[in-house]
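Letter by letter, the chains look like this.
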Amino acid sequence: LQEALNSDPNTKTNQQIEQYKAQLDRVDETLLTLTSELISPNQMRDALIELLAVQPGVRLASFQIEPAKPLVLKADKTQVDEGTENEKVGEGTEVASPEETVMLYRHGMEIKLSGSYFKLRDYLTALENLRWRFFWQGFDYQLESYPKAELTIRVYSLSTNKDFIGV
């Protein structure tokens, strides 16, 4: 009895709490890394201004925005479902509880530019160096008549908000 009184009954519980705190810190770090690449609707206006800031010698031929597409990331990280607003996400699979999923929205854009090869290359270099994170989906370079060419790029951003641009 004396030995039991001298030992701390909370030792095992305190060790579990420390393990959970460490696990929570790792999850927070991962979440911070993931969300730092997301563009909120309030930031999208500035991101688009920088994205569409055309280099001298490059002309913006067209710019189209695609509707937002929901992406559902399941907690087991083995499945990513993409669907439209009216589709059942994950149809035919077991649906995870809301606590086990992360909802992201994919905002796609198609940009058509014209200019010389080197001017378009400079634009793409500037695009890659933006502080905003855009992901590449498509790239089509067509030489019209030397030195004039047309470049169509499809890029997208990710956000936790369905709205594309906020005020």
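Rules behind the numbers
Residues numbered from 1 in each chain as written. Predicted model: local features only at pLDDT ≥ 70, side-chain atom pairs only at ≥ 80, totals over all residues. Heavy atoms only, no water. Helix = DSSP H or I, 4+ residues; strand = E, 2+ residues; numbered from the N terminus. Buried < 20%, exposed > 50% of the residue type's maximum accessible area, 1.4 Å probe, protein only. Polar contact = N/O pair within 3.5 Å; in protein donor to acceptor, adjacent residues only side chain to side chain. Contact = heavy atoms within 4.5 Å. Expected span 1.5 Å × (residues − 1). Arc of directions from axis to C-beta. pLDDT = per-residue confidence, 0-100.

Would you mind going over the side chain of glutamate 66 in detail, with residue names and values included?
By the secondary structure assignment, glutamate 66 is in the loop between strand 1 (58–65) and strand 2 (69–74). The exposure class of glutamate 66 is buried, given its relative accessible area of 18%. Of the polar contacts made by the side chain of glutamate 66, one reaches the side chain of arginine 154; its length is 2.3 Å. Apart from residues no more than four positions distant in its own chain, glutamate 66 is found in contact with Arg106, Gly108 and Arg154.

How would you explain helix 4 (residues 117–128) if you had to name every residue and give the values?
Between its terminal C-alpha atoms helix 4 stretches 17 Å, which fits the 16 Å expected from twelve residues at 1.5 Å a residue. Of the positions making up helix 4, those classed as buried are Leu120, Tyr123, Leu124 and Leu127. Buried positions in helix 4, seen along its axis, are confined to an arc of 95 degrees and lie on one side of it.

Break down the confidence of the model for the chain for me, citing the residues and quoting the values.
Confidence along the chain averages 78 in pLDDT terms, with 76% of residues attaining 70 or more. Scored below 50 in pLDDT, residues 84–96 shows 13 contacts in the model against residues more than four places distant or in partner chains.

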